[in-house]
Amino acid sequence: GESVGLHLPTLSVQEGDNSIINCAYSNSASDYFIWYKQESGKGPQFIIDIRSNMDKRQGQRVTVLLNKTVKHLSLQIAATQPGDSAVYFCAEIQANNAGNMLTFGGGTRLMVKP
Amino acid sequence: DAGVTQSPTHLIKTRGQQVTLRCSPISGHKSVSWYQQVLGQGPQFIFQYYEKEERGRGNFPDRFSARQFPNYSSELNVNALLLGDSALYLCASSFDVYQETQYFGPGTRLLVL
C-alpha cells in the first residue's frame, strides 16, 4: 500500500551545523504532514506540521518544506544541538470522514557530534 | 497540564496470555488512537476511537480489540499473545479527528516470552 518513506536511515552532523532530514510520500491524497522526534525509550514528540496548501512553515530552529510536485517533505534543523539527537519520523494524514490516523515512515536517526 | 499517560510502562507476558493496556488522553481531547511500534520501525496504526466510537482500524488480527470510556480514556486488549506482539504500544490523543495533530504518550513496552 501507499506509505511514507525516508531517504536516509542515519544522519551524522557536527554540533552547530544545520541538519536536513528528508521524506518521500506516495499518497497524493495526503493533505496534512507532521514531523515527530523520538528519543530512546520515549514516545514520539510533535515538532512541526504543515498542511498541503502550504510550501513552507517555520518554527523555533526548525523549518518544514513541502514539495507536492515531487511528493517530498523535509525537516531542517538550524544550529543542531546534542539534544537534537533522536530518531525523526515524518507522518501523513489523509483527511476523510472517519478519522485522522497517521501513516509513518521508517525514521531517520540523527546523531550530533560534539 | 498532564500529557497523555499510559500504564503500565513495562509488561512481560508469555505466549497465549492476554494483556490490557490503558491510556488517558490529554484533558479535553476526545479521540484516542493506538499504535504498535516494533523496534527499529515507525509506529503502525491499530485503532482510533472518537466519542466512544471506533473510527478506524489498521491491519491487525481480531486478537486486538479496544474500547473508549465515557471519560475518553481507552484500553487496548490483545488476546492469545504471540512472540511477534512484543513491541512498544503507543497511545495518542487529539481533540477530534479532523486533521488535528496527535500527541503521544510514553508507551507501554510489552515483551512476550
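Preceding this paragraph is the structure being described.
Residues numbered from 1 in each chain as written. Chains lettered and ligands numbered in written order. Predicted model: local features only at pLDDT ≥ 70, side-chain atom pairs only at ≥ 80, totals over all residues. Heavy atoms only, no water.

Undergrad: For this particular structure, what's the right way to read the environment of Asn77 of chain B?
TA: Residues and elements named next belong to chain B. Looking at the secondary structure, you find Asn77 in strand 8 (residues 74–78). Overall, Asn77 belongs to the buried group, its relative accessible area being 15%. Put simply, Asn77 and Ser65 are 12 residues apart on the chain and 5.2 Å apart in space, counted from C-alpha to C-alpha. Discounting chain neighbours no more than four positions away, the residues touching Asn77 are Gln18, Val19, Thr20, Arg63, Phe64 and Ser65. A polar contact is formed between the side chain of Asn77 and the side chain of Thr20, at a distance of 2.6 Å. (Helix = DSSP H or I, 4+ residues; strand = E, 2+ residues; numbered from the N terminus. Buried < 20%, exposed > 50% of the residue type's maximum accessible area, 1.4 Å probe, protein only. Contact = heavy atoms within 4.5 Å. Polar contact = N/O pair within 3.5 Å; in protein donor to acceptor, adjacent residues only side chain to side chain.)

Undergrad: Is there a simple way to think about the nonpolar core in this case?
TA: Across soluble globular proteins, you tend to see nonpolar side chains buried next to one another. All names here are of chain B. Trp34, Ile46, Leu76 and Tyr89 are the most contacted members of the largest nonpolar core, which totals 22 residues. Elements with a minimum of two residues in this core: strand 3 (19–24), strand 4 (31–37), strand 5 (44–50), strand 7 (64–68), strand 8, strand 9 (87–94) and strand 11 (108–112). Setting aside its immediate chain neighbours within four residues, Tyr89 contacts Gln6, Leu21, Tyr35, Gln36, Ile46, Phe64, Leu76, Gly107, Thr108 and Leu110. (Core = buried A, V, L, I, M, F, W, Y, C linked by side-chain atoms within 4.5 Å.)

Undergrad: Mind showing me how you'd approach the pattern of salt bridges here?
TA: Close approach of charged atoms allows side chains of opposite charge to pair. Across all of its chains, the model carries nine salt bridges over all chains by this definition. Through salt bridges with shared partners, a single network forms among Arg22, Arg67 and Glu75 of chain B. (Salt bridge = Lys/Arg side-chain N within 4 Å of Asp/Glu carboxyl O.)

Undergrad: Could you clarify how one ought to interpret the packing of aromatic side chains in this entry?
TA: Given two aromatic rings, their pairing is described by the distance between the two centres and the angle made by the two planes. Here the structure, examined in full by the defined rule, presents 12 aromatic pairs over all chains. Geometrically, the ring pair formed by Phe104 of chain A and Tyr35 of chain B is edge-to-face, given 5.9 Å between the ring centres and 85° between the ring planes. In this pair, Phe104 of chain A is assigned in strand 10 (residues 103–104) and Tyr35 of chain B in strand 4, connecting two distinct chains. Note on accessibility: Phe104 of chain A and Tyr35 of chain B belong to one class, buried. Aromatic side chains Phe104 of chain A and Phe104 of chain B sit 6.0 Å apart centroid to centroid with 70° between the ring planes, which places their arrangement in the edge-to-face category. (Phe/Tyr/Trp six-rings, centres within 6.5 Å; stacked < 30°, edge-to-face > 60°.)

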